[in-house]
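Spelled out from the first residue to the last, the chains are:
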Amino acid sequence: MQAGIITGGESMRGMRVKRPDKFHPAGLRRKRTPGLRWPLAATLSLVAGPALASESTPEREPALATEPAALSEPTRVGYFGLASGWEITPRVTASAELTDNATLAPRGQASSDLILSVRPGISLRQQGPSMETRVDYSLNARRFVSTSREDRTTHFLRASNDWEIVPNTFFLQTRASRTEDAASLLGPVGIGSSTPRANLQESTRYSISPLLRTRFGSFANQQIRYTYDEIRYHRSQRPNNDSHRVEYTLDSGAAFNRPFWQLAAFYEQENFEDGLEGEFGEVSATLGYRFGRSLRLFGTAGREFNDFATTREDDDGSFWEVGAGWAPTRVTSIDARYGDRFFGKTRALSVEHRSRRSTYRLSYNEGIGSTRQRRGAQFDALADELGTTVDDLFDQFTLDEIAFLLAVSGLTEEALVEDFFFSQSLRGAWRYNTGRSVFGVTAFRTQRESETRSGLGLFQDNNRRTGVNASWDWQYGPLTTLDLSAGYTRTQFLGSDREDDRWNLRIGFAQELSPDLRFRLVYRHQRRDSDSAANEFRENSIIATLTKEF
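Residues numbered from 1 in each chain as written. Predicted model: local features only at pLDDT ≥ 70, side-chain atom pairs only at ≥ 80, totals over all residues. Heavy atoms only, no water.

*Asks:* Explanation requested: the overall build of the protein in the structure shown.
*Replies:* The helix and strand inventory of the protein stands at five helices and 22 strands. Per-residue burial for the protein yields a buried fraction of 56% across its 550 residues. When contacts within the protein are restricted to residue pairs at least 6 apart in sequence, those whose partners lie at least 24 apart make up 63%. As presented, the protein carries roughly 22,800 Å² of accessible surface, and 59% of it is formed by carbon and sulfur atoms. (Helix = DSSP H or I, 4+ residues; strand = E, 2+ residues; numbered from the N terminus. Buried < 20%, exposed > 50% of the residue type's maximum accessible area, 1.4 Å probe, protein only. Contact = heavy atoms within 4.5 Å. Areas by Shrake-Rupley, 256 points an atom, 1.4 Å probe, with all protein chains shown as cover.)

Have a look at this one:
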């Protein structure tokens, strides 16, 4: 549901370059009919791979002959009925949920309830020779039989338009979204729609980004991009905010075979309605060399020009970084980076190994970013972990399934206050695929510390999270899937005595009744243990869902 053109991780560093050998898990199958979805639990074992954009600044990517992912041509796939026509897909989802704790209240205050939901929606797709448009909208009305004060109606919107105004030269990209999020980590935060109404907020985000691309023969490729991005909150005390960003890159062209180089610069200004501001700028040069297909070395040097709220003595200065990429075999890849910036040494590591049935992934990353940059970046991170695009992510999964995937991956526990932070992220995953069954284990450890170390950011942003998740997916039949997953996350709020332990268990059954009719039955258990009994809750629920597309 990324609303901006530039992802959160890219905002503090140069644009990332699409990696040539993107990981596509063998156990995930793209849907061939409107009703066929990827197995849910099979994907859960993948949500702990490379460093996530929502956790920290991504590693610097050296200049390659390939083009940045954000600038590549719109995907031309056979999803649309006519190459230049519109595909309109109305749909409606109805669900009944029986829960023993409708408001995630502490022990002794829980009350059971029956929750009835209806979610009408529509999807619009249009793809022509120079323009691609996607719009997904749904209205979610939840009615509580006993706890009527929890009734709510929220909106979901995800829209995008990619327009090639001048072939291969001038492009215009626009994005818009409407989402529902947890307002505070300190209040009860449940999986999916189970978060109580008092701890929810809605936000709208939109962006516009023109792009100019120039090719200087086979010598170099030039790209200039401007992006305006704005976030507005509804029924919330969060300050609205916006950003302006200008980027420039000059990459080596096809004339350079083994050596490669890049000149890059960017400037970004972030503004919050409450007066908080941040400015970030950078100029850099990269020079590298490819030793055959298996090894490449590079070095980057430059200077940062920053001005943001921090207690550090310096917030900018010169920097350098060296890195290597090694692929000793076609199934093993290692990327490592080491450098120095104004806040100290920087390190990044990414390791991946695949065998016929197993996949192993390990990554570490660190950096400085702002809270607004994390808005929407969790969907890019999740899509990256699953080896797909954000568009396909929302095509293949329901909103509740995506919410569950984000929850067990640790991507939803974000404190969206206005602040700048330093973060570190270590993630690992193991996955084993037998064909009909997929087993997986993921683990992560992240730590964030506020750069200002004052106000709300101190308590909500300064935390350390450690978690592990195990899953099993069984393809019982061609149209039937059973899944089981269990997870544990410990959140330590640094600088305070509070520590939360969160457990979740999910057992699901999915049946495709017809190409446009799907049924799902899920049992869910979630609980949070805390140092204070007032912060604890336990909940069990059974959810039956029926989705019809027209």
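*Asks:* Explain the nonpolar core to me, please; I cannot follow it from the model alone.
*Replies:* Generally speaking, nonpolar side chains in soluble globular proteins are found buried as a group. Counting residues in hydrophobic clusters, the biggest one holds 11 residues: Phe156, Phe379, Leu382, Ala383, Val390, Leu393, Phe394, Phe397, Ile402, Leu405 and Leu406. Breaking this core down by element, the ones donating at least two residues are helix H2 (377–385), helix H3 (390–396) and helix H4 (399–409). With residues up to four places along the chain from it excluded, the contact list for Ile402 reads Phe379, Leu382, Leu393, Phe394 and Phe397. (Core = buried A, V, L, I, M, F, W, Y, C linked by side-chain atoms within 4.5 Å.)

*Asks:* How should the environment of Thr99 be read in this particular structure?
*Replies:* Residue placement: Thr99 occurs in strand S1 (residues 86–99). Put simply, Thr99 and Asp113 are 14 residues apart on the chain and 5.6 Å apart in space, counted from C-alpha to C-alpha. Discounting chain neighbours no more than four positions away, the residues touching Thr99 are Ser112, Asp113, Ile115, Glu539, Asn540 and Ser541. At a separation of 3.1 Å, a polar atom in the side chain of Thr99 contacts the main-chain amide nitrogen of Asn101. (Polar contact = N/O pair within 3.5 Å; in protein donor to acceptor, adjacent residues only side chain to side chain.)

*Asks:* Is there a simple way to think about the pattern of salt bridges in this case?
*Replies:* Close approach of charged atoms allows side chains of opposite charge to pair. Under the definition given, this model contains 29 salt bridges. Residue Arg205 is joined to Asp229 by a salt bridge in which the shortest nitrogen-to-oxygen separation is 2.9 Å. Placement of Arg205 in strand S6 (residues 200–216) and of Asp229 in strand S7 (residues 220–234) is noted, with a sequence separation of 24 residues between them. Both residues of the pair, Arg205 and Asp229, belong to the buried class. The partner of Glu230 in a salt bridge is Arg232, with the nearest N and O atoms 2.6 Å apart. Given the relative accessible area of 9%, Glu230 is considered buried. Classification of Arg232 by relative accessible area gives partly exposed; the value is 34%. (Salt bridge = Lys/Arg side-chain N within 4 Å of Asp/Glu carboxyl O.)

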